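Observations on chain architecture
Here is what each chain is made of, one letter per residue.
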Amino acid sequence: VAGGLGVKIAHPEKEVYVMVGDGSWLMLHTEVLSSIQLGFKLNIILITILTILAYLLTRIYIRDIEDKDPKEIVIDEAIGQSMPLMFLNVNSDLYIIMVAFVTFRFFDIFKVYPINLSENLPGAIGIIADDIVAGIYSIIVLMIFKLLIF
């Protein structure tokens, strides 16, 4: 977060995204307060924490069932879909939001390589990993799309 604040100070006109969920979480409150005091907006993403929580809860849920990817578990979809969406902002045009949504759904449904391999990982990892890889693929497509269009 501190690095993100430094980038925002150096380039106030740019959107700054900060991944949170490792040791930097311990300093989060002070950097967020500094950001507010300086009048800078940071996009703080808590996907790492959500993913860890989803893994732990999914692991507990699937412990006593036969289905290797129960349809009632949808937190993995939310994690995967949020990955390309985190690169957008509230002022994004509807078509760019649709690109983020449609590309994620495409990769999640058709499971192109290596998404199909990650889906075969055992237990909760396999349930979540295919959506994370689909999210990464969607980010790549979204960035290419943004470069070509803008």
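All values derive from a computational prediction rather than experimental measurement.

Rules used throughout
Residues numbered from 1 in each chain as written. Predicted model: local features only at pLDDT ≥ 70, side-chain atom pairs only at ≥ 80, totals over all residues. Heavy atoms only, no water. Helix = DSSP H or I, 4+ residues; strand = E, 2+ residues; numbered from the N terminus. Buried < 20%, exposed > 50% of the residue type's maximum accessible area, 1.4 Å probe, protein only. Core = buried A, V, L, I, M, F, W, Y, C linked by side-chain atoms within 4.5 Å. Contact = heavy atoms within 4.5 Å. pLDDT = per-residue confidence, 0-100.

With respect to the overall build of the protein
Tallying secondary structure elements over the protein gives 7 helices and 2 strands in all. Counting from the amino terminus, helix and strand elements in the protein follow one another as α-β-α-β-α-α-α-α-α. By the burial criterion, 35% of the 150 residues in the protein qualify as buried.

Overview of the nonpolar core
One broad trend across soluble globular proteins is that nonpolar side chains are buried collectively. Ile47, Ala54, Ile79, Met83, Met86, Ile128 and Ile139 form the largest nonpolar core, which has 7 residues in total. Going through the elements one at a time, helix 3 (47–62), helix 4 (75–85) and helix 7 (123–149) are the ones with two or more residues in this core.

Quick notes on helix 4
Count 3.6 residues to each turn of an α-helix, and residues three or four apart come out pointing the same way. Those residues of helix 4 not exposed but buried are Asp76, Ile79, Gly80, Gln81, Met83 and Pro84. Turning to helix 4, the residues buried within the fold contact helix 3, helix 5 (94–110) and helix 7.

With respect to the confidence of the model for the protein
Within the protein, residue pLDDT values average 81, and 78% of them lie at 70 or more. No element of the protein has a lower mean pLDDT than strand 2 (residues 43–45), at 55, and none a higher one than helix 5, at 92.

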